[in-house]
Amino acid sequence: MVDAPLLELHGLEKVWPNGTAALRGVDLTVRAGSVHGLLGANGAGKSTLIKVLAGAIPASGGNVTWRGETVRWTNPRAARADGIATIYQHIPLVPTLSVLENMLLEQRGGWRLDRAARERAAAVAQSLGDPFDLDAIVGNLPIGTRQMVAIAQGLMSDPALLIMDEPTASLAGDEREQVYRTIRRLAGEGRAILFVSHFLDEIVALTDKVTVLRDGRAVLDAETANLDEAAIAAAIAGRSVTALERVERQAPAGDALLEVRNLASPGKLAPTSFSVAAGEIVGIAGMLGSGRSELLHAIFGADPAARGVVLLGGEEAGRDPAEAVGAGVALVPEDRAAQGFIPGMTIAENIALPHDGWLIAPRRERAAATAAIEDLAIKAPDPDALVGELSGGNAQKVVIAKWLTPRTRVLLLDEPTAGIDIGARTDILRLIRRLADQGLAVLLVSSEFEELLAVTDRILVLRDGAIVAEVDPATIDEAGLIQLASGTQSRTEIAA
Amino acid sequence: MTRSIDWRRTFGLREAGVYYALLILLVLLAAIAHSRGLPNYLSPQNLGNIVYQASLVGIMGVAMTVMLITGAFDLSVASVAALAAAVLVGLAPSIGFPLAAGAAIVTAIAVGIFNGAVVQFVGINAFIVTLGTLTAVRGLVLVLTDGRSLMVERPEVLQQMLAFESTRVPVFWAALLFAVALLALAAWKRRPLDALAGIVVAVFALLAGSDFTVAAPVVYLALFTLAVWAVLRFTVIGRRIYAVGGNAEAARLSGINVHAYKLGAFVLSSAAAGFAGVLFGCRLGAINPTALQGTELTVIAAAILGGTSLLGGAGSVLKTVVGALLLFTLTNGFNVLDLGASYQGLIEGAVVIAAAAIYTVGGDRRRARRATVDTAPAAPAVAEAG
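Values in this document were obtained by computation on a predicted structure and should not be read as measured data. (Residues numbered from 1 in each chain as written. Chains lettered and ligands numbered in written order. Predicted model: local features only at pLDDT ≥ 70, side-chain atom pairs only at ≥ 80, totals over all residues.)

Undergrad: So what exactly am I meant to see when it comes to the overall build of chain A here?
TA: On a plain count of helices and strands, chain A comes out with 18 helices and 20 strands. Relative to its length of 496 residues, chain A is compact, with a C-alpha radius of gyration of 24 Å against a globular reference of 23 Å. Summarising its shape, the C-alpha atoms of chain A cover approximately 70 × 50 × 45 Å along the three principal directions. Buried positions account for 50% of the 496 residues belonging to chain A. For chain A, the proportion of contacts with a sequence separation of at least 24, taken over those separated by at least 6, is 70%. (Helix = DSSP H or I, 4+ residues; strand = E, 2+ residues; numbered from the N terminus. Rg over C-alpha atoms; globule rule 2.2 N^0.38 Å. Buried ≥ 20, exposed ≤ 12 C-beta atoms within 10 Å, placed from the backbone. Contact = placed C-beta atoms within 7 Å.)

Here it is, written out as structure tokens:
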């Protein structure tokens, strides 16, 4: 590994058209035959960096050196032609086609299937240890095998650098093993692998070098051998520019308002029990795929497969969303646009959605919406603005405002600040505190652990669909929380 | 607090295009009639006639609009109407008209419940399910009628049926009252659009004169449209119908029983088809097994002309009725003015496509703006979070 690096980035920058800087000068060196880990919190710039390397978006500044020459890829095909293959997190395969046809998606011209192409695909499959049948339909394969198909697809162009964006995020233990073995084998063949992951243990076990991004800069760049999980977690957390002040609240003394007993959902959630008092904010810390949203949906009755008991002030909350709403449970879902609001309706209409009754009372609804606009500082001209035309933060405030009725006693918040600018984010966190002070029981899911540390009274750590720890936010820091939430399995298992 | 009106939007092609189209068509046909020395095309009698001809499609179209708003689709309406007519004509001689009509509508509702249950609880696409019932129910009609035309032979029952369908109803005072109510509402709520509608109705009523009558189905259409319009406009149920079609998941997570609303739309659609079938059966006191074949497409065309989105979440029953009137004005005009029936289908098809094009292109600017607002600021963060 003394030869010139395969890929070098110098001062790579990316500014989005709206002025948001995603990358602020990243330096990165990747050598052939090495596994390079890329880490960072949500919004640190990992996905942007990958997209620039894949040729999917142009960089705004800095330069990329590939095999000693400065290059500038303008489209994904150009990057692939030069020998970079990217495997995205959400595996972009065509489920109705066979494995073979998926591997040949990029193929141009000629017959749909020719013998030579098939042989090439078979050779790639063999190099991976034949994990799948070439003629199987992708939609019928388990997710782990699909991930192998995606890798095989990437290998069809015989790349020198393989970029993998969280390839193990949705996989089970043995499926992960298969991916790890494949990565080692590919590195052994002299290919470089840029490996993005949330899981610290697999980064430590698998990579030769680690780069940590934070706020669009590389804040750590070192040999993995010289690092441990704690050091990496500290680098990811850092002292963020958006550091939020923790405000000590009067610990609520009341009885449990929300009680969850043995709530479970097959394949998503292990039997879970906990309780939340009126006026208490309980945080749920967990990585992507740890079952955070599934837990909230099960409590809300939105998961028909869920079993167990949800009590609200000692009474059953009901087993479907309509009953849960009637009992006083409110859910602010993770995906605002798909689950939270109705884009073609106005602010007033969206806020009035959960209200019962027969007749629409336009005057009262507009008054309520006007009050919400003022109260939550929603930036909108008037209550008749369409919610689909608001910015993310303001649309989120509308979704929250929908539930601010006297009936609501329990508020379930699923990533309420995702994709929201800092100003709106602070507003929303302040609002959450205020609502708890008014006596609501709040359950807050967030990937931004600093938020949890700043606003919650207690944090439950969720991993692989089960609560693995309960911590006091006053006694733990972000790095500690990351470590608790990101251990996926014992390290010996990975080394095996 | 007064609600400001976006005049350009309200009177733009996208919002009001179907009214303009009907107006232009009427003026055009009147001009042709005048130039050929034919009787006045815009006479109250002829206009009433057009509404009468459009009434069955209008009734089904109103229910179809509700269906489309919830995001589903019903191809089976014409077959269901034929089935209802067959049940009516088959049973009326033995059990009398009222009971037979009830049985016809109950039969229709049963088909609706079947459609809705299969779509909602088995999870098959509504297009496929109702395509199946379209064929199967037509087959059932053939079985019931044994492939022949059925007729009601008992004169007193036939008399009742004809009375139900073809009684002339004087509408002058009702129309005038309605216009006054609209104007009062407009003055009270300061809504110029309601005032405009009130003036139009009043002018029509005064031009037609106090002895103007229409056939009963026109009244049924008007009452049904008014009722559905009011439910959609003024009640929480109406808002939830739009919400279910606009974003079913958001509606569900807001505590709305999405299944009930979607099932309800199927029931309404079939019930309306059943009622239309009863009217059809009464019109002739007879039914032949191929009656109303292909009418489902006219019904859907009327809704599309009225600007109802096939994607759900948007639509207006009033404009669907105007869409139906537009289609039947074309038919009526071709017949009355003898413009060559061969061209009729060609023109009707072109009108439907042109209307859809106006709605799509007219909506572009707004949609594009929304798309950029949605994606641009959130793009980096969303990508990471995903």
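Undergrad: Help me out: how do you make sense of the overall build of chain B in this one?
TA: Along chain B, the regular secondary structure elements total 17 helices and 4 strands. Against the globule reference of 21 Å for 386 residues, chain B gives a C-alpha radius of gyration of 22 Å, in line with a compact fold. Projected onto the principal axes, the alpha-carbon positions of chain B cover approximately 75 × 55 × 45 Å. Scored against the burial criterion, the 386 residues of chain B give a buried share of 44%.

Undergrad: Can you walk me through the packing of helix α10 (residues 216-234) of chain B against helix α11 (residues 236-246) of chain B in this structure?
TA: Axis angle and axis distance: for two packed helices, these are the angle between their axes and the distance between the axes, and together they describe the pair. Residue and element names in this part refer to chain B. Packing of α10 against α11 leaves a shortest axis separation of 5 Å and a crossing angle of 80 degrees. The pairing of α10 with α11 is recorded here as roughly perpendicular in orientation. For the pair formed by α10 and α11, the contact residues are Val 231, Leu 232, Arg 233 and Phe 234 on the first element and Ile 237, Gly 238 and Ile 241 on the second. Among the residues forming the contact of α10 with α11, the class breakdown is 5 nonpolar, 1 polar and 1 charged. (Axes fitted to C-alpha atoms, helices over the stretch in contact; angles between N-to-C directions. Parallel < 35°, antiparallel > 145°, perpendicular 65-115°, else oblique. Nonpolar A, V, L, I, M, F, W, Y, C, P; charged D, E, K, R; others polar.)

Undergrad: Quick question: what am I supposed to make of the sheet that holds strand β17 (residues 410-414) of chain A here?
TA: Strands belonging to one sheet form pairs held by backbone hydrogen bonds; the direction of such a pair is parallel or antiparallel. Residue and element names in this part refer to chain A. Read from one edge to the other, the open sheet built from 6 strands follows the order β16-β17-β18-β13-β19-β20, with strand pairing classed as mixed. Every interior strand has two partners, whereas the edge strands, β16 (329-332) and β20 (466-471), have only one. Neighbour-to-neighbour, the strand axes of this sheet turn through a mean angle of 20 degrees, independent of strand direction. Relative to β17, helix α9 (residues 292-300) is tilted by about 150 degrees, and along the sheet it contacts β13 (281-285), β16, β17, β18 (441-445) and β19 (458-463). (Pairing = 2+ DSSP bridges.)

Undergrad: What is the right way to read the sheet that holds strand β11 (residues 256-265) of chain A from this model?
TA: Residue and element names in this part refer to chain A. Across the sheet, which stays open at both edges, the 4 strands sit in the order β12-β11-β14-β15 with antiparallel pairing between neighbours. Bordering the open sheet on either side are β12 (269-277) and β15 (315-316), each of which pairs with just one other strand. Both β11 and strand β14 (residues 307-312) contribute to a ladder of 5 bridges, which runs antiparallel. Within β14, the position partnered with Leu 258 by the bridge is Leu 312.

Undergrad: Sorry, what's going on with the confidence of the model for chain B here?
TA: Low-pLDDT stretches of the model should not have their predicted coordinates read in fine detail. Residue and element names in this part refer to chain B. Taken residue by residue, chain B gives an average pLDDT of 86. The fraction at 70 or more is 92%. By mean pLDDT, the top-scoring element of chain B is helix α5 (residues 97-122) (96), and the lowest-scoring one is helix α17 (residues 379-385) (33). In this model, residues 364-386 is a region of pLDDT below 50 whose contacts with residues beyond four sequence positions or in other chains number 33 contacts. (pLDDT = per-residue confidence, 0-100.)

Undergrad: Just to check I follow, could you spell out the nonpolar core for this structure?
TA: Nonpolar side chains in soluble globular proteins tend to be buried together. The biggest cluster of nonpolar side chains holds 257 residues, and the ones touching the most others in it are Val329(A), Leu412(A), Val442(A), Met60(B), Ala81(B), Ala84(B) and Ala85(B). If one sorts the elements of this core by residue count, helix α3 (residues 44-69) of chain B sits on top with 15 residues. (Core = buried A, V, L, I, M, F, W, Y, C linked by C-beta atoms within 7 Å.)

Undergrad: When you look at the pairing of strand β10 (residues 217-223) of chain A in this model, what are you seeing that I'm missing?
TA: In the case of a regular strand, side chains alternate between the two sheet surfaces. Residue and element names in this part refer to chain A. Direction of pairing for strand β9 (residues 209-214) relative to β10: antiparallel, over a ladder of 6 bridges. Counted as the bridge partner of Val 210 is Ala 222 from β10. Between β9 and β10, which pair antiparallel and follow one another directly, the connecting turn spans 2 residues, one of which, Asp 215, has a positive phi of 50 degrees.

Undergrad: How should I be thinking about unusual backbone geometry in this particular structure?
TA: Leaving glycine aside, a negative phi is the common case for residues, and trans is the common case for peptide bonds. The phi dihedral of Asp215(A) is positive, around 50 degrees, even though this residue is not glycine. Topologically, Asp215(A) is positioned in the loop between β9 and β10.

Undergrad: It is not clear to me how helix α8 (residues 229-237) of chain A should be interpreted in this structure. Could you clarify?
TA: It helps to recall that an α-helix has 3.6 residues per turn; residues three or four apart then point in one direction. Within α8(A), the full set of buried residues consists of Ile232(A), Ala233(A), Ala235(A), Ile236(A) and Ala237(A). Taken together, the buried residues of α8(A) touch β3 (35-40), α7 (200-206), β9, β10 and α17 (478-486) of chain A.

Undergrad: Is there a simple way to explain the packing of helix α4 (residues 77-95) of chain B against α5(B) in this structure?
TA: All names here are of chain B. Two elements in contact, α4 and α5, have axes whose closest approach is 8 Å; the angle formed by their N-to-C orientations is 150 degrees. Considering their axes alone, α4 and α5 lie roughly antiparallel with respect to each other. Here the hand of the crossing between α4 and α5 comes out right-handed. On the side of α4, the interface is formed by Val 80, Leu 83, Ala 84, Val 87, Leu 88, Leu 91, Ala 92 and Ile 95, while α5 contributes Phe 97, Leu 99, Ala 100, Ala 101, Ala 103, Ala 104, Ile 105, Thr 107, Ala 108 and Val 111. Of the residues contributing to the contact of α4 with α5, the split by class is 17 nonpolar, 1 polar and no charged. (Left-handed = near helix turned anticlockwise from the far one by under 90°.)

Undergrad: What should I look at first to understand the environment of Ala108(B) in this one?
TA: Residue and element names in this part refer to chain B. If you trace the backbone, Ala 108 turns up in helix α5. The spatial distance from the C-alpha of Ala 108 to the C-alpha of Arg 8 is 43 Å, given a sequence separation of 100 residues. Discounting residues that sit within four places of it in the chain, Ala 108 has contacts with Val 80, Leu 83, Ala 84, Ser 270, Ala 271, Ala 273, Gly 274 and Gly 277.

Undergrad: Sorry if this is basic, but what is going on with helix α9 (residues 192-208) of chain B here?
TA: Taking 1.5 Å per residue, 17 residues should reach 24 Å; α9(B) reaches 24 Å between its end C-alpha atoms and fits that length. At the C-terminal side of α9(B), Gly209(B) shows a positive phi close to 90 degrees. (Expected span 1.5 Å × (residues − 1).)

Undergrad: What's the story with the environment of Gly132(B) in this structure? I'm lost.
TA: Residues and elements named next belong to chain B. Relative to the helices and strands, Gly 132 is located in helix α6 (residues 126-145). For Gly 132, a count of 15 C-beta atoms within 10 Å translates into the label partly exposed. In the structure, Gly 132 is positioned 57 residues away from Leu 75 in sequence and 8.8 Å away in space, judged by C-alpha atoms.

Undergrad: Help me out: how do you make sense of the pairing of β18(A) in this one?
TA: All names here are of chain A. Counting buried residues along β18, 5 of its 5 residues qualify, which places the element largely inside the surrounding structure. Neither face of β18 is left uncovered, since the one carrying Ala 441, Leu 443 and Val 445 and the one carrying Val 442 and Leu 444 both have all their residues buried. As judged from the 5 bridges shared by β17 and β18, these two strands associate in the parallel manner. Residue pairing across strands places Asp 414 opposite Val 445, the latter belonging to β18.

Undergrad: Just to check I follow, could you spell out the environment of Ser254(B) for this structure?
TA: Relative to the assigned elements, Ser254(B) resides in the loop between α12 (248-252) and α13 (258-284). Along the sequence, Ser254(B) and Thr329(B) sit 75 residues apart, while their C-alpha atoms lie 43 Å from each other. Among residues more than four places away in sequence, those in contact with Ser254(B) are Leu353(A), Pro354(A) and Lys402(A).

Undergrad: What am I meant to see in the confidence of the model for chain A here?
TA: Model confidence for chain A is summarised by a mean pLDDT of 84, while 92% of its residues fall at 70 or above. In the predicted structure, residues 489-496 of chain A sits below a pLDDT of 50 and forms 10 contacts with residues beyond four places in sequence or in another chain.

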